[in-house]
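Survey of secondary and tertiary structure
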Amino acid sequence: MVIRCERDKNDMAMHDSRCPWSELPELLISMICHRLHPMDIPRFRAVCKRWNNSSEFTFYPADLTPILISDTITDSGLLRCYSPYFNKMFIVRTPLRAPGSRIFSVEPNGWAMLRGPEKTVSLGNLLDGSTFKTTESEFCGGYFCSSREDGTGDPELCGIVGMYATTYGVKFQSWDGESTKYFEGQRSEFAMLQCKPVLHKGLWYCIGERACLGVFDPMKSEWRVLEEPNGIGPDLAYKNCYLVESQEELLVVLTGVNGTPINVLRLNEAEMTWERMESLGSRAIFTGTVTSRSMAIPPVAMANKVYLPKFYGCPQVIQAALIISRGSLGFVPERSCSESVDTMLGSGNGDDGGAWFYDLELDSGVNKQIIGCKSLMQYIWVDLGRASP
């Protein structure tokens, strides 16, 4: 690309020949921006403050809230990502190819945990397509939970725990990077619900019927069902139950038989009883069968709310590149949008509806059906853009 800028003699006399990059004419900046590849934008933004704030390109941060992503990647490498904050569906083309695999989690630097069709569990990077095979799964189903030792997402430092609910107990499989261990919980009257277990203070907690708890100690390979809490009150009828850790507390989110009301219970670990929470304060909770997450400081408008994997209306669909900029992942719209992407989910303007949420204070006691919503059941919540240390 060659850009020529002609100046008359009077203009040249007024400017030093070594004019700083930050003082380039707006027209030149615009011409550069329109020719940049999305992967070059981080370097463009790093030149100076003016270039970083240029309105010629848009960068949607992925660290404002958890993101809903499709749990599979298409054969051509397309991944769907829904942002509840922007109410937009980003279609990202990733170099990672994982035919027939399902995504169970994604780390902030792009490493995704995949379960393949041949019961293999591996890690693949959404940004550069590299893969790292870990172990084989003994289970046909179940929930696989990864844990990082240093927070960097290095696959060689990854530990994986697989959990599978049986009729009267739970089976466990763990992989520490070198070897695989198996354990089957003793026969007990514990019916594990379809909810991902939670790592809390070094122990894996599983939720059962009536919010009873089972605990697995990965260091001692011990499984036990707690005598307390022994259930929840009979006045809290619910259809779905989600377990989540929030600010070193164990919380249970109960969704009503007709969708609402939604109740949040906190485990009082001193008395081992469930206590109903009237407010989440500044926190927000994002619930889902495969993953449920809590955010301590979400955007102000999203505080004290419980989000479900649903939305109203038809969000705007944008073909974008997933890039790292200043330690954070984000979406940068591409200049052209192919027809195959346009027809994946339809086209919307993002003005109608948005992510479905329940406000604990404003909607307290209201019993209404969740109607007119599109459920994203094949999506999972991930902290896609949180910067690694």
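Up top is the structure these notes are about.
Described in the following lines is the structure provided in the data block. Because the structure is predicted, anything quoted here is derived from the model rather than measured.

The next subject is the overall build of the protein. Looking only at helices and strands, the protein has 5 helices and 28 strands in total. By the burial criterion, 50% of the 389 residues in the protein qualify as buried. Considering only residue pairs separated by 6 or more positions, the protein has 54% of its internal contacts joining residues 24 or more positions apart. Accessible surface, the protein: about 19600 Å² in total, of which carbon and sulfur atoms supply 48%.

Moving on, we get to the packing of aromatic side chains. Two descriptors summarise a pair of aromatic rings, namely the distance from one centre to the other and the angle between the planes of the rings. Scanning all chains against the criterion turns up 12 aromatic pairs. Ring geometry for Tyr60 and Phe86: centres 5.0 Å apart, planes at 80 degrees, overall edge-to-face. Residue Tyr60 is located in strand 1 (residues 60-61), and its partner Phe86 is located in the loop between strand 3 (78-83) and strand 4 (88-93); the two are separated by 26 residues in the primary sequence. Given a relative accessible area of 22%, Phe86 falls into the partly exposed group. Ring centres of Phe172 and Phe183 lie 6.2 Å apart, and the angle between their planes is 40 degrees; this geometry places the pair in the tilted category. Here Phe172 is found in strand 11 (residues 170-175), whereas its partner Phe183 is found in strand 12 (residues 180-184), with 11 residues between them in sequence. The class of Phe172 is buried, set by a relative accessible area of 2%.

This part takes up the nonpolar core. Of all hydrophobic cores here, the largest spans 33 residues; its most connected members are Ile69, Cys81, Ile103, Val106, Phe331 and Leu384. Residue contributions to this core peak at 4 residues, all from strand 6 (residues 111-115). Leu193, Tyr205, Leu213 and Ile232 belong to the second largest nonpolar core, which has 21 residues in total.

Let's shift gears to the side chain of Asn125. In this structure, Asn125 sits in strand 7 (residues 120-125). Among the polar contacts made by the side chain of Asn125, one reaches the main-chain amide nitrogen of Asp128 at a distance of 3.3 Å.

For strand 11 and strand 12, the ladder comprises 5 bridges, and the chain directions are antiparallel. From the neighbouring strand, Trp175 faces strand 12, where its bridge partner is Thr180. Hairpin connection from strand 11 to strand 12: 4 residues lie between these consecutive antiparallel strands, with Gly177 at a positive phi of about 105 degrees.

Let's shift gears to the pairing of strand 14 (residues 203-207). A large share of strand 14 lies buried, amounting to 5 of its 5 residues. The hairpin turn running from strand 13 (residues 198-200) into strand 14, its antiparallel successor, is 2 residues long, and Lys201 in that turn takes a positive phi close to 55 degrees. Taken together, the 4 bridges between strand 14 and strand 15 (residues 213-217) define a ladder with antiparallel strand orientation. When the sheet's bridge partners are listed, Cys206 is paired in strand 15 with Gly214.

Let us now look at the environment of Gly162. On the secondary structure map, Gly162 appears in strand 10 (residues 158-165). Take Gly162: its relative accessible area is 0%, and that puts it in the buried class. Ignoring sequence-local partners within four residues, the contact set of Gly162 consists of Phe139, Tyr143, Phe144, Lys171, Phe172 and Gln173.

Strands sit in the order 13-14-15-16 across an open sheet of 4 strands; the sheet is antiparallel. Edge positions in the open sheet fall to strand 13 and strand 16 (222-225), since each of these has one partner strand only. With direction set aside, neighbouring strand axes in the sheet form an average angle of 25 degrees.

Our next topic: the pattern of salt bridges. Under the defined criterion, the tally for this structure stands at 6 salt bridges. We note a salt bridge from Lys201 to Glu269, for which the minimum N-O separation is 3.6 Å. Placement of the pair is Lys201 in the loop between strand 13 and strand 14 and Glu269 in the loop between strand 19 (259-268) and strand 20 (273-277), with a sequence separation of 68 residues. Among the salt bridges present, the one from Arg266 reaches Glu249, with a minimum N-O distance of 3.1 Å. Highlighted residues: Arg266 in strand 19 and Glu249 in strand 18 (residues 249-256), separated in sequence by 17 residues. A network of salt bridges, in which partner residues are shared, links Glu249, Arg266 and Arg283.

Cut-offs used in this document
- Residues numbered from 1 in each chain as written.
- Predicted model: local features only at pLDDT ≥ 70, side-chain atom pairs only at ≥ 80, totals over all residues.
- Heavy atoms only, no water.
- Helix = DSSP H or I, 4+ residues; strand = E, 2+ residues; numbered from the N terminus.
- Buried < 20%, exposed > 50% of the residue type's maximum accessible area, 1.4 Å probe, protein only.
- Contact = heavy atoms within 4.5 Å.
- Areas by Shrake-Rupley, 256 points an atom, 1.4 Å probe, with all protein chains shown as cover.
- Phe/Tyr/Trp six-rings, centres within 6.5 Å; stacked < 30°, edge-to-face > 60°.
- Core = buried A, V, L, I, M, F, W, Y, C linked by side-chain atoms within 4.5 Å.
- Polar contact = N/O pair within 3.5 Å; in protein donor to acceptor, adjacent residues only side chain to side chain.
- Pairing = 2+ DSSP bridges.
- Axes fitted to C-alpha atoms, helices over the stretch in contact; angles between N-to-C directions.
- Salt bridge = Lys/Arg side-chain N within 4 Å of Asp/Glu carboxyl O.

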